[in-house]
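One letter stands for each residue in the lines below.
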Amino acid sequence: MALRLLLDSADPSAWEEWLPSGLFRGVTTNPTLLRRAAQPCTLKHLALLTARALDAGVQELHLQAWGSDLLACGRALAELAPGRIWVKLPITRAGAAAAHSLIAEGCPVTFTACYEPVQVLLAAALGADYIAPYLGRITDLGRDGHAELTRMQRIVEGVARPVQAGAALRLLVASLRSAEDLARLAAEGLDTFTVSPAIAAELFAVEPTLAAADQFELDALGI
């Protein structure tokens, strides 16, 4: 599978800055990111944000369901842009039940808040498109986050079967803390990542490269 990057932000100004770069297939959001970006977590407001994201050319917009009825919320989110919305659900019993119905209805689903390798089996069994393990938060628990995600990837490769439209389950790595996290995991075969605007900027903040580019300009001018 080819490398796939998703911009992890609910801030439309960050979308305007980074989506034209062509690096990102889409955008991921959740209620926490919405709160941090001072964006209301309501269906009415998410409809406005969805329109802005689609105008920016995203292929995928991941929106998280919330509330006591995850299925009803998930259906309402999916209707904002059928085929372009991935409904995000926590990998809980309630989330799995909602996902089962949504997937049967043809709605793409992303499971979130993955902390254990065995949860990847649940996502594969239900036929989800993505499951998002939280690298940084796993590490914060005193575990080797990189080793845990590498193990999860081996599970995907070993047991995942093709699902909707010939797609296969992907680990959508979340909670990256640095650009180096991305490089380390890519070297182990992981290929799908959520990237914050801060880490996107870090990817281009390589001082020797910047210095070389400046020198090229000076040499072109004969200085």
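To be clear, the structure that these remarks concern was listed above.
These numbers come from a predicted model, not from an experiment.

J.: Could you clarify how one ought to interpret the nonpolar core in this entry?
T.: Soluble globular proteins tend to pack their nonpolar side chains together in the buried interior. Counting residues in hydrophobic clusters, the biggest one holds 57 residues, and the most contacted among them are V87, L89, V120, L176, F193 and V195. For L89, the residues in contact, after removing those within four places along its chain, are A65, L70, G95, A98, A99, L102, V109, T110, F111 and T112. Judged by nonpolar contacts, the second largest core, of 7 residues, contains L6, Y130, A132 and A174.

J.: Help me out: how do you make sense of the packing of aromatic side chains in this one?
T.: For any pair of aromatic rings, geometry is given as the distance between the ring centres together with the angle between the planes. According to the stated counting rule, one finds 2 aromatic pairs in the structure shown. Measuring from centroid to centroid gives 6.2 Å for W18 and F204, while their planes differ by 20°, and the two rings are stacked. Of this pair, W18 sits in helix α1 (residues 12–18) while F204 sits in the loop between α10 (197–203) and α11 (207–220), and the two are 186 residues apart along the sequence. Note on W18: relative accessible area 9%, which makes it buried. Relative accessible area serves as the criterion here: at 51%, F204 is assigned to the exposed category.

J.: Help me out: how do you make sense of the environment of L172 in this one?
T.: Structurally, L172 can be placed in the loop between β7 (170–171) and α9 (179–186). Once the C-alpha coordinates of L172 and F216 are considered, the two residues, 44 residues apart in sequence, prove to be 38 Å apart. Setting aside anything within four residues of it in sequence, one finds L172 in contact with L6, T28, H62, T110, Y130, I131, A132, P133, T192, F193 and T194.

Criteria and cut-off values
As a convention, each chain's residues are numbered from 1 in the sequence order in which they are written. Local features in a predicted model are, by the rule used here, given only for residues with pLDDT of at least 70; side-chain atom pairs are given and counted only at 80 or more, and totals for whole chains, interfaces and linings are based on all residues. Each side-chain value is derived from all of the structure's non-hydrogen atoms; neither hydrogens nor water enter the calculation. In these notes, a set of buried Ala, Val, Leu, Ile, Met, Phe, Trp, Tyr and Cys residues joined through side-chain atoms within 4.5 Å is what counts as a nonpolar core. Relative accessibility thresholds used throughout: buried, under 20% of the residue-type maximum; exposed, over 50%; partly exposed, between the two (1.4 Å probe, protein chains only). By definition in these notes, contact holds between two residues if any of their heavy atoms fall within 4.5 Å. Two rings belonging to Phe, Tyr or Trp (six-membered ring only in the last case) form a pair when the distance between their centres is within 6.5 Å. Interplanar angles under 30 degrees mark stacking, angles over 60 mark edge-to-face geometry, and anything in between is tilted. Numbering of helices and strands runs from the N terminus; a helix is a DSSP stretch of H or I covering at least four residues, while a strand is a stretch of E covering at least two.

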